[in-house]
Amino acid sequence: MGTRHILHCDMNCFYASVEMQRHPEPRDTPLAVCGSQEERHGIVLTANYIAKPYGVKTGMAIWQAKQRCPQLVTLSPDMDEYIRISRYAREIYEDYTDQVEPFGLDESWLDVTGSVGLYGSPVTIAREISNRIKFELGITASIGVADNKITAKLGSDYKKPDAITQISESSYKEIVYPLPVEALLYVGPATAKKLRAIGISTIGRLAECPEDVLQRRLGKMGLVLSTFARGLDISPVQRTDHIPNIKSVGNSATTPRDLENEEDVKLMLLLLAESVCSRMRDLASRCTVIEIYVRDTELRSMIRQRKLPAPSCSSQELAEVGMELFRRHYHWERPIRSIGLRGAGLVEDVGAVQMSLYAEDQRRDKWERIDRAVDHLRQRYGYMSVRRALLDTDPRLGHINVRDDHTVHPIGFFGG
Amino acid sequence: MDQREKRYVPVIVRFDAEGKLRPLEIEFDENHKYPVDKILDVRRAACQSVGGVGDRYTCLIQGKETYLWMEKGRWFVCAKR
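For clarity, every value in this text was computed on a predicted model and none was experimentally measured.

Participant: Would you mind going over the overall build of chain B in detail, with residue names and values included?
Facilitator: Within chain B one finds zero helices and eight strands. Sequence-ordered secondary structure for chain B, helices as α and strands as β, is β-β-β-β-β-β-β-β. With the principal axes as the frame, chain B shows a C-alpha extent of 40 × 30 × 20 Å. Among the 81 residues that make up chain B, the fraction classed as buried is 22%. Restricting the contact set of chain B to residue pairs at least 6 apart, pairs at least 24 apart contribute 37%.

Participant: An account of the packing of helix H12 (residues 262-282) of chain A against helix H13 (residues 315-329) of chain A is requested, with residue identities and associated values reported.
Facilitator: Residue and element names in this part refer to chain A. At a minimum axis distance of 8 Å, the contact between H12 and H13 shows a crossing angle of 135°. Considering the angle they form, H12 stands oblique to H13. For the crossing formed where H12 meets H13, the hand is right-handed. Every residue of H13 that contacts H12 at Val 265, Lys 266, Leu 269, Leu 270, Ala 273, Glu 274, Val 276 and Cys 277 is listed here: Ser 315, Leu 318, Ala 319, Gly 322, Met 323 and Phe 326.

Participant: Lay out unusual backbone geometry with the relevant residues and their values.
Facilitator: Glycine aside, a negative phi is what most residues show, and trans is what most peptide bonds show. A cis amide bond links Lys 160 of chain A with the next residue in sequence, Pro 161 of chain A, at an omega value of -15°. Despite not being glycine, Tyr 186 of chain A shows a phi value in the positive range, around 75°. Note on placement: Tyr 186 of chain A falls in the loop between helix H7 (172-176) and helix H8 (189-197). Overall, Tyr 186 of chain A belongs to the partly exposed group, with 13 C-beta atoms counted inside 10 Å. A positive phi angle is found at Lys 72 of chain B, which is not glycine, with a value near 45°. Of note, Lys 72 of chain B is situated in the loop between strand E7 (64-71) and strand E8 (74-80).

Cut-offs and rules
Residues numbered from 1 in each chain as written. Chains lettered and ligands numbered in written order. Predicted model: local features only at pLDDT ≥ 70, side-chain atom pairs only at ≥ 80, totals over all residues. Helix = DSSP H or I, 4+ residues; strand = E, 2+ residues; numbered from the N terminus. Buried ≥ 20, exposed ≤ 12 C-beta atoms within 10 Å, placed from the backbone. Contact = placed C-beta atoms within 7 Å. Axes fitted to C-alpha atoms, helices over the stretch in contact; angles between N-to-C directions. Parallel < 35°, antiparallel > 145°, perpendicular 65-115°, else oblique. Left-handed = near helix turned anticlockwise from the far one by under 90°.

Interpretation note: all reported values are geometric properties and have no functional meaning in isolation.
Rendered as structure tokens:
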């Protein structure tokens, strides 16, 4: 395979930019698009470039942001509008290639290897796309140009807003090596800490670290990161019509009030488990791994998972295992703000599962049949037609329709 | 620069057999109805002055070029305040 030409387009401060485009009045003021305050999703989703110097950051609670920048204008998100603009951006990309892989609403990779004959060099294409985004959508983008996806993303992050950065083989070390390891996709706080503990703080150090050391420290992921750091990622840009294999199904919710005790958590896990199981049944699959996600009132989060003895889509079982995981790992230092449940390691639900003599399996089968019956009832008579009595003990929590209102859109580099 | 505002306007439109649409007349108000003499250009564009993203029709009206925008099924113009 010859050299590929990959672009990574990142529309700057996407939500805030779209809002500034359509409301010209607050264009010169610090602006943040925030989750709705009434339902307590009150965190900054995106801040514009005027608010950022004040220290307003994504993920911050609204009150914290206002403390740093009292004149901050906050707006509620209008997802339909962001999806519309994102779709228009994709239409622009598709004029140049059919290999467009979105990463969230505001980022996309483009493989333009086959397009250079028609449209000119990758940088020329990048410039044209950048100009069209400005003219047609009224916002700006940063574009990275490289020979693989990971380096292209480093390029688009390198200079913002409204910039094009080409990272070629000859300029790779000069541009990429001094960057902190956190700049690399899939190096989060936990991985960064492990790397810093062995003296690796830049991508350059990571690239030069022997692979076996990284594998010992980070396992399989160590090898992947080493490839990333050396600019040797070979993962393809998925085609437009590619339908990813779904590997997990998850739901989470930021609850209308904080969860303060195990009863609250139990109720929410049941609610989430029902939704997750119902969606797994739609996909005709069962999960072999259960994962819980908990975020406390100080926005600290943890994820824990456990393997199941046998594939399951019983909401009762998922909720019970989720609860066990929770009891074991959460120590109630603070109340909980949001909680999630995920079924992973999905396997196909092929016809009849081997019947078992063990009581545990019979119980699972019974619960799954109950769940299926509930699905049918809800399809005909609506979500509220049949519910667990437990959910009525606290209507504020129990009446959230997690399945239809809170679908988590899975995005992951590995197509998970 | 003079002040502009986003003004939604009623528009008389003709759909041809292929489904292509062509604005025929802009009804600014009861006393100001402007027949569109010619469409010079249509393209996706962002309206920088009053905000909005949609299909921009460059219309020739009484010898003057004016932009008419179609955004989410509604027509608007940048009107003088």
